[in-house]
Amino acid sequence: MDYLWHSFNAISSTERFPLYYGIGGRFNSGAGYEGSLGIRGVFGIAWFPHSTPIDVFLELVPVLQVTPLTGLGIDAGLGVRYFFE
């Protein structure tokens, strides 16, 4: 789960390409993590197509894992979000 801030004026274009950043948390219970908790920093760019309730995003996410062991990692994501209005 992340809390995001968007900067809609960072890129000048006829399309909407906001840069965004935020902070959040991560819970991972698969691939040998056995219930790890982490703190995430989120940095990304999104594209909001005109007249649609979606965005397409690309993000880079550094993670500080705090349990069961402390360590640093990095996640990345490419996806689509649907906004319920």
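Small disclaimer: the values here were computed from a predicted structure and weren't measured. (Residues numbered from 1 in each chain as written. Predicted model: local features only at pLDDT ≥ 70, side-chain atom pairs only at ≥ 80, totals over all residues. Heavy atoms only, no water.)

Details of unusual backbone geometry
Residues Thr-67 and Pro-68 are joined by a peptide bond in cis, for which omega reads -10°. In this fold, Pro-68 is placed in the loop between strand E4 (54-67) and strand E5 (71-82). One non-glycine residue, Ser-51, lies in the positive phi region at around 60°. Locating Ser-51 in the fold gives a position in the loop between strand E3 (36-47) and E4. The class of Ser-51 is exposed, set by a relative accessible area of 81%. (Helix = DSSP H or I, 4+ residues; strand = E, 2+ residues; numbered from the N terminus. Buried < 20%, exposed > 50% of the residue type's maximum accessible area, 1.4 Å probe, protein only.)

Describing a nonpolar patch on the surface
Taken together, Tyr-3, Trp-5, Tyr-21, Ile-23, Phe-27, Leu-37, Ile-39, Phe-43, Leu-64, Val-66 and Leu-72 make up a surface patch of nonpolar side chains, about 1200 Å² in accessible area. Mapped onto the fold, Tyr-21 is located in strand E2 (residues 19-28). (Patch = residues over 30% accessible without salt bridge, like charges linked within 9 Å, V, L, I, M, F, W, Y side chains within 5 Å. Areas by Shrake-Rupley, 256 points an atom, 1.4 Å probe, with all protein chains shown as cover. Salt bridge = Lys/Arg side-chain N within 4 Å of Asp/Glu carboxyl O.)

Details of the packing of aromatic side chains
Per the stated rule, a full pass over the model turns up six aromatic pairs. Where Tyr-3 meets Trp-5, the ring centres are 4.9 Å apart and the plane angle is 70°; that geometry is what we call edge-to-face. On the basis of relative accessible area, Trp-5 is assigned to the partly exposed category, the value being 40%. An angle of 20° between the planes, with centres 6.5 Å apart, marks the rings of Phe-17 and Trp-47 as stacked. Residue Phe-17 is found in the loop between strand E1 (2-7) and E2, and its partner Trp-47 is found in strand E3; the two are separated by 30 residues along the sequence. (Phe/Tyr/Trp six-rings, centres within 6.5 Å; stacked < 30°, edge-to-face > 60°.)

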